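Coordinate inspection notes
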Amino acid sequence: MPRPEPRRLALACAIGALLLAPVGCSISYSSESLSKSVSSPFTSSSGSSGEEDDPAYQEEVASFTAGFAGSGGDATTFRRGMASIAQRRGISDWEDDDPTCRAIGKGLHKAGLNDGRAEALAGDLLSGRAERVKVVMKGYGAAD
Amino acid sequence: MRSVRIGSLALTVALAAAPAPAAASIDFLHIEANEGGSSGGHAALRFGDATYHFQNVDGLLLLTREDSQRFLHDYALLENRPIHVSRIELADAAARAARERFQARLEAQRSQLDALTAVRVERALLARLLGRARGEEGAPGEGLAFPGAGYFEAAETARAADPVLAQLRARVVHERGERFFARRQAELRAQIAGLAPDLDERASTTFGSDARLPFAYGFGARYTDLAAGLVALELLEAARPLRAERIRSSDDPALRLAADEQRALREFAERLRASVLRLLDASRPDWGSALLVGMARLVAIEASLRDGRLRVLDAYADAAPTLDRDVLARRRELLAAVAEESGGVARAALRSFVARRASQAAWADVEDAANRHLEILGAWREGRALRAQPERLVPLRSTRIAEPVALVAPVDTLERALSVAKERERWLAAEIERIRGYDLLVHNCVSELFATLNAAFADPSLAAAALGGHVDGRSRLAFIPFVSADQVEHRYRVQEGFTIPSLRRARLARMRAAEGAVRVWLRESSPLTARAVRPGARDSFFLFFTDHVVWPRPILGALNLAAGAGETVAGLLAVPLDGGQMLLRGLRGTLMSLPELAFVNLRKGTNDWVPRDTWRELGVEVEWVGASPVQPVAFESPPPVR
């Protein structure tokens, strides 16, 4: 009987191993681990002193805004959706949060709106609060 | 001369036609197997500071985005799994497209899961409203949950009015009139009662992994939001105090407020007070729940400012699981070091709060870090159970209101609405199961990683041009992580490949250099004598590590098998005492030893906890990790936790 190639033997062993482990890719001890229980997301996302230091949150806000601006919808639905996103980040009053408002502006830019349309939509979304619309437009202007 | 000129011209033309050098790279990560949930290995893609990978969560294959440093900490340090990196060179635009594709898939996934959660809440609410309409008694504990309301005492047990909220109430009455609360509550009740449930039996269509379901502000959410407003007004009107056990504090030095931190906190409290007052008139749909959390936070912050000691709301989820007591008992000696580090993290969060001008996100970070530190202190010094919640801690403790406001809609309307909600729930759950259900061979962490990456480009030929070749994670044996890693190395434009060692391997290498190979081999071969790592509390019992040897593997594996079998037998006897925990560990240990007989190593031991800056021992390039590690606050013995 010809000797199996080492590569095929290794593959066969790997398959054998996999057959014994029908739960590949599962979460490894996420809630059972002492370390993962005590590890705070703070040190991962906020090492610097800048305000925009939670890129995942900023991206989510911008993307949600861009999606809304692109597909249309009423301002109330937008505000409720934004509240859910902000709540997950621990932000209870997103309208008063500058980084959130700037990310909204970035989202309006991402949606391809011109200045005028962006500002008008920002006014709708921020309940007509002029000082908050200014912050949104700062984010719009800073987007590349 | 002419031939030289022609030659030069040809060279110039050739250089002008050469493709622009690639400006970006992404890392394909092949993570070796270990005992536990990933016995077949794992795969991920790193885009700078973000690493994306798929995980099997209760039968659903879900995409996760993690901070790259945290990913490294979890896999290479805690789980002792070497990570083989293939750095793929590609154009900047291609790298951006790939990252955006993963982000889009993540957002689509979130929208689908959120939609399912929302319809489940709506279905439960409609069932309750229908029951009320029919005059049925609700089951104990049934009712609508109001996040944020759980911090306040119940009316029946409330002590004297909270002074902070009493002051707020007085200001509201002064600015809006004596009848404000009564008028606004009556308006809300009328609004709630007049809500029309959703009867739209929209056609159920299939959708794909990338389908971002539009956010829908449906009946269930509208009802809950208005009712939250009602609850918030009632609590403010009564100036209801907070439940003592829901505000956490300690005399721990890490939580003492410095002068600039108090100033920042005072500024934050003023903004919070203004926010609470503005929310009373806001047209925002979530004003009620924002008001609940805002009021609770304000009371906790004012208490912090009174004695210069940080107080935070208990931000763990209502039903947060606790760490297995056995796991904690086996590694209790770690808690002092863990507490020292968590104190440093809490301290750093406070400093960051000042630096970030007291933003809401910065305060949320303080709440998260302080909660975890207080939890560790409680477990360490008072033997309390340790709640385990890896996700961000957000103060949303809820209370259930058993009697929601009844709708004026008739019973048959509620019945139809409930039927529509049930059908929508069934359809969403079935679709999500269909597109995200885990399958070892065709829908797993490897197949979906490549499917998502390939989908970033318009067609396979463009994907191949961008990446240097094509890998299909569903073809033949490519679903096995090390097989796909091999294909990546040979087919993609891999600029370089390197291995990030596991913590144990990194330490063994240094020990060998310092003490000599033989001595280290002898000592470190067994978890019973090893110094590089101590066995994790969750690890099965085994006699020998086999990840660092090849030819002796079957012999050592046979000994491990005997040990596993022994633990299994002991576990059988211990079932009445430990509910089968030792038995399960023994079975797992036996299973993990079997591949070793065929030269295959899976088990590598795990670490229950390592300090945050342990990544330095791996020799990993700095770009993988963030800022400098947190400086721990050293103290002798922690004061009691309140």
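Conventions we followed
- Residues numbered from 1 in each chain as written.
- Chains lettered and ligands numbered in written order.
- Predicted model: local features only at pLDDT ≥ 70, side-chain atom pairs only at ≥ 80, totals over all residues.
- Helix = DSSP H or I, 4+ residues; strand = E, 2+ residues; numbered from the N terminus.
- Buried ≥ 20, exposed ≤ 12 C-beta atoms within 10 Å, placed from the backbone.
- Contact = placed C-beta atoms within 7 Å.
- Core = buried A, V, L, I, M, F, W, Y, C linked by C-beta atoms within 7 Å.
- Domains from an automatic or database assignment.
- Expected span 1.5 Å × (residues − 1).

**Quick look at the overall build of chain B**
Looking only at helices and strands, chain B has 19 helices and 10 strands in total. When the backbone C-alpha atoms are referred to their principal axes, chain B occupies close to 95 × 70 × 60 Å. Across the 642 residues of chain B, 47% fall into the buried class. Counted over contacts in chain B with a minimum sequence separation of 6, partners at least 24 positions apart contribute 77%.

**Here's the deal with helix α13 (residues 445-454) of chain B**
Residue and element names in this part refer to chain B. With 9 of its 10 residues buried, α13 lies for the most part within the structure. Within α13, the full set of buried residues consists of Cys-445, Val-446, Ser-447, Glu-448, Leu-449, Phe-450, Thr-452, Leu-453 and Asn-454. Looking at the packing, one finds that the buried side of α13 touches β2 (42-47), β3 (50-57), β4 (60-67), α3 (92-133), α14 (460-467) and α15 (481-491).

**Examining unusual backbone geometry**
Residues and elements named next belong to chain B. Unusually for a residue other than glycine, Asn-80 sits at a positive phi of about 55°. Position of Asn-80 relative to the elements: it lies in the loop between α2 (68-78) and β5 (83-90). Despite not being glycine, Arg-357 shows a phi value in the positive range, around 55°. Residue position: Arg-357 is located in the loop between α10 (335-355) and α11 (360-382). According to the C-beta neighbour criterion, Arg-357 is partly exposed, with 13 such atoms within 10 Å.

**Some remarks on the nonpolar core**
Counting 124 residues, the largest nonpolar core has Ala-122 and Val-136 of chain A together with Val-231, Leu-292, Met-295, Ala-296 and Ala-349 of chain B as the members making the most contacts within it. Residue contributions to this core reach at least three from each of two domains, namely domain 1 (23-139 + 435-502) and domain 2 (144-401) of chain B. When neighbours within four sequence positions are excluded, Ala-296 of chain B is seen to be in contact with Gly-148, Tyr-151, Leu-242, Leu-313 and Pro-395 of chain B. Counting 57 residues, the second largest nonpolar core, distinct from the first, contains Ala-466, Phe-482, Ile-500 and Ala-530 of chain B.

**Some details on helix α16 (residues 503-515) of chain B**
Residues and elements named next belong to chain B. For α16, which comprises 13 residues, the first-to-last C-alpha distance of 18 Å matches the rise-based estimate of 18 Å (1.5 Å per residue) to within 8%. Those residues of α16 lying buried are Leu-503, Arg-504, Ala-506, Arg-507 and Leu-508. In this structure, the buried residues of α16 make contact with α2 and α17 (517-524). Gly-516 occupies a position one or two residues after α16 and carries a positive phi of about 105°.

So far we have only geometry, and geometry alone does not tell us how the molecule works.
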